[in-house]
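# Tertiary structure, described
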Amino acid sequence: MSTWTAELRLLFRAPLSAGALVLLLLLSALSVAAGLAATARQSAVIERVEATQELDLASVTQEYGKPGVEAGSAAYYTFHLTTDPPSPLAFAALGQRDVQPYVLRVRLLGLHSQLYESETLNPELALPGAFDFAFVLIYLAPLVIIALMHELVSGEREAGRLRLLVSLPASGLGVWGRRGLLRYLLVLGALLVPFGVGAALSRAPVAGTLAIALAAALYAAFWSALALGVATRGRSSAANGAALMACWIALTLLAPALANAVISRAIPVAQGVELTLAQRERVHRAWDIPKEETFRPFFVKHPEWRDTPPVLGRFHWKWYYAMHEVGDDGVAAEVADYRQSLTAREDWAARLGWLLPAAAVQTFLHRAADSDLRAQLAYQRGIEAFHTRLRDFYYPYLFHERPFQRADFERLPRHEPRPSSASLPLAPLLGLLVLTALASGAAIRGVRALSSFAAQEGR
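Residues numbered from 1 in each chain as written. Predicted model: local features only at pLDDT ≥ 70, side-chain atom pairs only at ≥ 80, totals over all residues. Heavy atoms only, no water.

### A look at the overall build of the chain
What counts is decided by this rule: Secondary structure counts use DSSP, requiring at least four H or I residues in a row for a helix and at least two E residues in a row for a strand, with both numbered from the N terminus. When we talk radius of gyration, it's over C-alpha atoms, and the globule rule is simply 2.2 Å times the number of residues to the 0.38. Two residues form a contact once any of their heavy atoms are found within 4.5 Å. Surface accessibility follows the Shrake-Rupley procedure with a 1.4 Å probe radius. Residue values consider only the protein chains on display as shielding. We count Lys and Arg on the positive side and Asp and Glu on the negative side, and we leave His and both chain ends out. Note on charges: their place is set at NZ of Lys, CZ of Arg, CG of Asp or CD of Glu.
Helices and strands together make up the secondary structure of the chain, namely 19 helices and two strands. Relative to a compact globule of 459 residues, whose C-alpha radius of gyration would be 23 Å, the chain shows 30 Å and is clearly more extended. If you line up the chain on its principal axes, its C-alpha atoms span 105 × 40 × 35 Å. Restricting the contact set of the chain to residue pairs at least 6 apart, pairs at least 24 apart contribute 85%. Per element, the accessible surface of the chain, about 22300 Å² overall, is 62% carbon and sulfur. Each charge class in the chain was averaged separately, 43 positive and 39 negative side chains, and the resulting centres sit 11 Å apart.

Written out as structure tokens, the structure reads:
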């Protein structure tokens, strides 16, 4: 213990080391606080919209719950709220939640135009991403590790103490391993203490909390091993720092950006607004063609309404909603391709974790926090299922021409938030483990080579 205490005192005598650790602790705490504030804000928005929804529904009920009002009018003016509350671990990795909707009001009209018309966002605001625990872990923690370890060996050489250190009986892996491990544990503590407090405050599940802590430990271990390996190569402190900064730029910025550009080019994806326009074009076309052409595919899908009275006039609510559903069906294949392409991009981005530690830990954190693309698609599928329930509820009124009364508003389907789709994928963790093992092997070889070289130099 006296040896570890002495190493700790020696570490904190360097203003750069102490300042870097305090700064990392502060940034980690701020990121957790920002993530908790963001999820609390989203939950508050959902509660506020739910209260407003009740007032809006009461107003619509009063206006369109009168005797003689057609069900089509009630369906047209009634909005139905859908929500996607944040998971307990979303504070750690906001993912898609800061750019994709988590509250959406839908009507009985065409669903796809309602789903994708909300995909408009300012790319300049979305580009920096959210300041959350994932951001601090992926981008800032390696910089602190570099600051702590780039002069681990060269600092001793430049101070004239290296020969003395390697001549001690406990030299070699003992000295450098202890110093590297001490810095690693301090960095990990600065990261995980605020994260643990945030997880406790949000009542996050223990399994997910421990899994994210494990991913953070592996990621910090990779950078610590890499920094130790570079530090033992016999270069100056400035050269070590420059080499490690080049590694940071390449592994966290350049390589992921280039890989994403290649994936985007190899797997093109249409914009969601294009699906909205395609669906609306099909709906608008229905105004200019015979109604039989609209009902023909509709009755194939819904044979139960085939024997209802035909539409003789220019307008009827059942024809109006039928053409919206036919418009949805007309772009169903395009929507499936759109989602499949997005999922394929996500899968290839996850595969980068076998080569890029930043991609591995990002994939794992967003999946564990249920805030990635798969979570957003699960929310959309939940809205689709709810929209189907709305059609099943309204269609008997429309096709049997039953009046819609005040009591029917109380029977309207209500959207239930989807169950969590969070998971703990093993592939990113295995990728991190392999990369960390390779970096650790290189660091151990560097320490042994350093000890051997210094011993020969001393003789």
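### Focus: helix H10 (residues 206–231)
Defined as follows: What a helix should span is 1.5 Å times the count of its residues minus one. To sort residues, take the accessible area from a 1.4 Å probe on protein chains only and compare it with the maximum for the residue type: under 20% means buried, over 50% means exposed, and anything in between is partly exposed.
The first and last C-alpha atoms of H10 sit 37 Å apart over 26 residues, in line with the 38 Å expected at 1.5 Å per residue. For H10, the tally of buried residues reaches 22 of 26 residues, placing the bulk of the element in the interior.

### Description of the packing of aromatic side chains
Worth spelling out the cut-off: Stacked, edge-to-face and tilted are the three classes for Phe, Tyr and Trp ring pairs, Trp counted by its six-membered ring, which pair at centre distances within 6.5 Å; planes under 30 degrees apart are stacked, over 60 edge-to-face, the rest tilted.
Scanning the entire structure with this criterion turns up 32 aromatic pairs. Their ring planes at 25 degrees and their centres at 5.9 Å tell us that Phe 91 and Phe 195 sit as a pair that is stacked. With Phe 91 in the loop between strand E1 (80–83) and strand E2 (103–106) and Phe 195 in helix H9 (residues 173–201), this pair connects stretches of sequence that are 104 residues apart. Comparing Phe 91 with Phe 195 shows no difference in burial state: the two are buried. Ring centres of Phe 298 and Phe 399 lie 5.5 Å apart, and the angle between their planes is 10 degrees; this geometry places the pair in the stacked category.

### Here's the deal with the nonpolar core
As a reminder of what qualifies: Here, the term nonpolar core denotes a set of buried Ala, Val, Leu, Ile, Met, Phe, Trp, Tyr and Cys residues that are joined through side-chain atoms within 4.5 Å.
In this structure, Phe 133 and Leu 365 are the most contacted members of the largest nonpolar core, which totals 73 residues. Each residue touching Leu 365, except ones within four places of it in the same chain, is listed here: Ala 93, Phe 133, Ala 134, Leu 137, Ile 212 and Ala 215. The next biggest cluster of nonpolar side chains, apart from the first, holds 49 residues, and it includes Trp 305, Val 335, Tyr 379 and Leu 390.

### Focus: the packing of helix H15 (residues 332–351) against helix H17 (residues 373–399)
Rule in force here: Working convention: axes come from line fits to C-alpha atoms, limited for helices to the stretch in contact. Angles between N-to-C directions cover 0 to 180 degrees. Any angle from 65 to 115 degrees is called roughly perpendicular, while one under 35 is roughly parallel, one over 145 is roughly antiparallel, and all others are oblique. With the far helix as reference, a near helix turned anticlockwise by less than a right angle produces a left-handed crossing, and one turned clockwise produces a right-handed crossing. When residue character is reported, Ala, Val, Leu, Ile, Met, Phe, Trp, Tyr, Cys and Pro are called nonpolar, Asp, Glu, Lys and Arg charged, and the others, Gly included, polar.
At a minimum axis distance of 10 Å, the contact between H15 and H17 shows a crossing angle of 155 degrees. Between H15 and H17, the angle falls in the class roughly antiparallel. The handedness of the crossing between H15 and H17 is left-handed. Residues Arg 339, Leu 342, Thr 343, Glu 346 and Asp 347 of H15 lie in contact with H17, whose contacting residues are Leu 373, Arg 374, Leu 377, Gln 380, Arg 381 and Glu 384. Partitioned by chemical class, the residues of the contact of H15 with H17 number three nonpolar, two polar and six charged.

### Structural notes on the environment of Tyr 395
Here Tyr 395 shows up in helix H17. As for Tyr 395 and Gly 72, which are separated by 323 residues in sequence, their C-alpha atoms are 9.3 Å apart. Contact partners of Tyr 395, with chain neighbours within four places excluded, come to Phe 298, His 302, Trp 305, Tyr 321, Glu 325 and His 400.

### Side note on helix H16 (residues 357–368)
Over its twelve residues, H16 extends 16 Å from the first C-alpha to the last, a length consistent with the 16 Å expected when each residue adds 1.5 Å. The buried fraction of H16 amounts to ten of the twelve residues, a majority that puts the element mostly inside the structure. Backbone geometry just downstream of H16 places Asp 370 in the positive-phi region, at approximately 55 degrees.

### Topic: the environment of Leu 312
Looking at where Leu 312 falls in the secondary structure, it is placed in the loop between helix H13 (291–301) and helix H14 (317–330). The exposure class assigned to Leu 312 is exposed, which follows from its relative accessible area of 80%.

### A look at unusual backbone geometry
Backbone geometry places Arg 203, a non-glycine residue, at a positive phi of 55 degrees. Along the chain, Arg 203 turns up in the loop between H9 and H10. A positive phi is found at Glu 401, a non-glycine position, where the angle reads about 55 degrees. Position of Glu 401 among the secondary structure elements: in the loop between H17 and helix H18 (406–409).

### Here's the deal with the side chain of Thr 209
Relative to the helices and strands, Thr 209 resides in helix H10. Once you skip the residues sitting within four places of it in the chain, Thr 209 turns out to touch Leu 89, Phe 195, Ala 199 and Ala 204.

### Digging into the packing of helix H6 (residues 133–149) against H16
Look at H6 against H16: their axes get within 10 Å of each other, and the N-to-C directions meet at 170 degrees. Put simply, H6 runs roughly antiparallel to H16. Where H6 approaches H16, its residues Phe 133, Ala 134, Leu 137 and Ile 138 are matched on the opposing element by Ala 358, Val 361, Gln 362 and Leu 365. Looking at the contact of H6 with H16 residue by residue, the class counts come to seven nonpolar, one polar and no charged.

### Some details on the side chain of Arg 418
Residue placement: Arg 418 occurs in the loop between H18 and helix H19 (426–458). The exposure class assigned to Arg 418 is buried, which follows from its relative accessible area of 16%. The residues contacting Arg 418, other than those within four sequence positions of it, are Asp 84, Asp 370, Ala 375, Ala 378 and Tyr 379.

### A look at a nonpolar patch on the surface
Where we set the bar: Exposure above 30% relative accessible area and the lack of any salt bridge qualify a residue for a patch; like charges then connect within 9 Å, and the nonpolar side chains Val, Leu, Ile, Met, Phe, Trp and Tyr within 5 Å. Here, a salt bridge means any side-chain nitrogen of Lys or Arg that lies within 4 Å of a carboxyl oxygen of Asp or Glu.
A surface patch of nonpolar side chains, about 730 Å² in accessible area, is lined by Trp 354, Leu 355, Leu 426, Leu 430, Leu 433, Val 434 and Leu 438. Tracing the backbone shows Leu 438 in helix H19. What makes Leu 438 exposed here is its relative accessible area of 56%.

### Let's talk about the pattern of salt bridges
For the structure on display, the rule yields 15 salt bridges. Note that Glu 54 and Arg 414 form a salt bridge whose closest N and O atoms lie 3.3 Å from each other. Taken together, the residues Glu 54 in helix H2 (residues 15–64) and Arg 414 in the loop between H18 and H19 connect sequence positions 360 residues apart. For Glu 54, a relative accessible area of 41% corresponds to the partly exposed category.

Any link to function would need more than the numbers given here.
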